[in-house]
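These are the residues of each chain, in order.
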Amino acid sequence: MTTTRPDTKTTLDHLLTEIEHRNPAQPEFHQAAREVLETLAPVLAARPEYAEPGLVERLVEPERQVVFRVPWQDDRGRVHVNRGFRVEFNSALGPYKGGLRFHPSVNLGVIKFLGFEQIFKNALTGLGIGGGKGGSDFDPRGRSDAEVMRFCQSFMTELYRHIGEHTDVPAGDIGVGGREIGYLFGQYRRITNRWESGVLTGKGAGWGGSLIRPEATGYGNVLFAAAMLRERGEDLEGQTTVVSGSGNVAIYTIEKLTALGANPVTCSDSSGYVVDEKGIDVDLLKQVKEVERGRVGTYAERRGASARFVPGGSVWEVPADVALPSATQNELDAEGATALIRNGVKAVSEGANMPTTPDAVHLLQSAGVAFGPGKAANAGGVAVSALEMAQNHARTSWPATRVEDELAAIMTNIHTTCHDTATRYGAPGDYVTGANIAGFERVADAMLAQGVI
Ligand code: NDP
């Protein structure tokens, strides 16, 4: 086992204090930085070249942060003013890559936490993509298609000057799906007079999108959970699973779990959760959430006797073998983790970004639960986005089977990398340490090679 020099830990503690001081009122960014930095001491001690003054300091400071006004008119002609963000965090491995989030909770700190996570996640895919993230405090919920279109057009009217297929390539995230990517792409094309399909990913399959991109994050997370279980001599077949959320990631998580013979019994949104003893019917869920843009309560009403809707409450109270949080950050807290452990959970795999609070992660790991951090477990989405970019550059499109095979190979590789790195640094079975160190090593090597920039 590698021992940690006390001065390495002291340096990291000092840096964390500095980060909190320099980035006030950004608790999510502090949390994400702390979670990574706390696991880096062994690698900094073992590889002195990484302790070079300035390397970690540069890594925690975004290369560029853009904040802009987004004015738009609703259907009654009233003007609204939202705030837009794009944080271009690190481009040592390739163009900045990361989604856009439209949700009222978005602020600069949230985008920075997501962008910071994205650096390591993208590095873990093994593909040539840097880390970035963006979004707005705009709430698309309850807005007409015309209002969403006007908002997206106004958002892109500023964003277009900062992005490009070789510069920065956004995609979707919470509140940004196929509809929003379509409006954003249309406005980019109109302003620039370029058919630059590689500027955004998550496009429609008929105009430059990759097959399997909508499915990739959820499918990938299920493959990661399966790999963690295999490591313990088990598989997903017959396992009862709880999934939170009912958006893009949750839906395709449920679809893949069902396909592999597991029984996903829950889904949720901010109004509450559904328990369906027969297993969630993914076609009905897609109809309610994707087509009608409704709430999960409607799913329960239509499904009949096997399903019930629980307003509010915690989905983690539902007994399960495997849990896949797939809604938003900090949704699985110590109380939720305690309930999962009490009910005998074996694995937790994060579909969402940072859905598990630090104390909940600690409880789960201490109880011997296999824990897959989002930057590894949900990397399938951005990986297939990078495959979409590759198809766009080659002006071709691959069959679904090819994309799915590549996704499966990438997820297996990420699992192996995290697992082996954790073992190498004296923390066997600790996927958090494995993911952080493996992602860090790849980015740090590129940054060292490219000089102080
Ligand atoms: P969607 O907008 O499609 O769905 C989000 C889901 O989470 C909805 O059910 C929503 O419920 C729920 N949710 C969002 N915010 C909250 C909140 N504050 N409280 C309770 N529920 C909430 O987003 P995605 O499925 O795309 O994203 C889900 C998570 O996965 C996010 O953390 C995202 O960053 C992460 N992720 C997504 C990727 C992708 O490819 N889309 C890639 C990697 C990670 P409601 O409608 O009531 O708000």
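Look up a bit, the structure's there.
Below: a short report on this structure. (Residues numbered from 1 in each chain as written. Predicted model: local features only at pLDDT ≥ 70, side-chain atom pairs only at ≥ 80, totals over all residues. Heavy atoms only, no water.)

### Here's the deal with the sheet that holds strand S9 (residues 272-276)
Consideration 1: Spatial strand order, S8-S9-S10: three strands in an open sheet with antiparallel pairing. The two strands at the open ends of the sheet, each matched to only one other strand, are strand S8 (266-269) and strand S10 (307-311). Here the strands of the sheet are splayed against their neighbours by 20 degrees on average, with no regard to which way each runs.
Consideration 2: The pairing of S9 with S10 spans five bridges and is antiparallel. (Pairing = 2+ DSSP bridges. Helix = DSSP H or I, 4+ residues; strand = E, 2+ residues; numbered from the N terminus. Axes fitted to C-alpha atoms, helices over the stretch in contact; angles between N-to-C directions.)

### A closer look at the nonpolar core
Consideration 1: Ranked by size, the top nonpolar core spans 49 residues in total, and within it Phe224, Leu236, Val274, Tyr299 and Ile414 carry the most contacts.
Consideration 2: Looking at this core, the element that brings in the most residues is helix H7 (residues 213-231), giving eight residues.
Consideration 3: Counting 40 residues, the second largest nonpolar core, distinct from the first, contains Phe85, Ala92, Phe120 and Ala123. (Core = buried A, V, L, I, M, F, W, Y, C linked by side-chain atoms within 4.5 Å. Buried < 20%, exposed > 50% of the residue type's maximum accessible area, 1.4 Å probe, protein only.)

### Here we look at the environment of Val87
Consideration 1: Within the secondary structure, Val87 sits in strand S2 (residues 79-90).
Consideration 2: Taking the C-alpha atoms as reference, Val87 lies 29 Å from Thr421; in sequence the two are 334 residues apart.
Consideration 3: The contact partners of Val87, leaving out residues within four places of it in the chain, are Pro62, Arg64, Gln65, Leu108, Ile111, Lys112, Gly132 and Lys133. (Contact = heavy atoms within 4.5 Å.)

### Looking at the pairing of strand S6 (residues 240-243)
Consideration 1: The pairing of S6 with strand S7 (residues 263-264) spans two bridges and is parallel. Across the sheet, Thr241 pairs through a bridge with Pro264, a residue of S7.
Consideration 2: Chirality of the crossover, the property in question, places the unit of S6, helix H8 (residues 248-259) and S7 among those that are right-handed.
Consideration 3: Sheet topology places S6 next to strand S11 (residues 322-324); three bridges connect them, and they run parallel. By the bridge assignment for S11, Val243 is matched with Leu324. (Right-handed = clockwise from strand over helix to strand, strands pointing away.)

### Overview of the site of the ligand
Consideration 1: Among the 25 residues in the neighbourhood of the ligand, the closest are listed as Asp173, Thr217, Ser270, Arg295 and Asn353.
Consideration 2: Take Arg213: an N or O atom from its side chain is 3.0 Å from an oxygen atom of the ligand.
Consideration 3: Here an oxygen atom of the ligand sits 3.5 Å away from a polar atom, N or O, in the main chain of Ala327.
Consideration 4: Its free accessible area being 890 Å², the ligand has 82% of it covered by the protein chains.
Consideration 5: Counting only elements with at least two residues in the shell around the ligand, the list comes to H7, H8 and S8.
Consideration 6: For the shell around the ligand, the per-class residue count stands at four nonpolar, 14 polar and seven charged. (Near = heavy atom within 4 Å. Polar contact = N/O pair within 3.5 Å; in protein donor to acceptor, adjacent residues only side chain to side chain. Areas by Shrake-Rupley, 256 points an atom, 1.4 Å probe, with all protein chains shown as cover. Nonpolar A, V, L, I, M, F, W, Y, C, P; charged D, E, K, R; others polar.)

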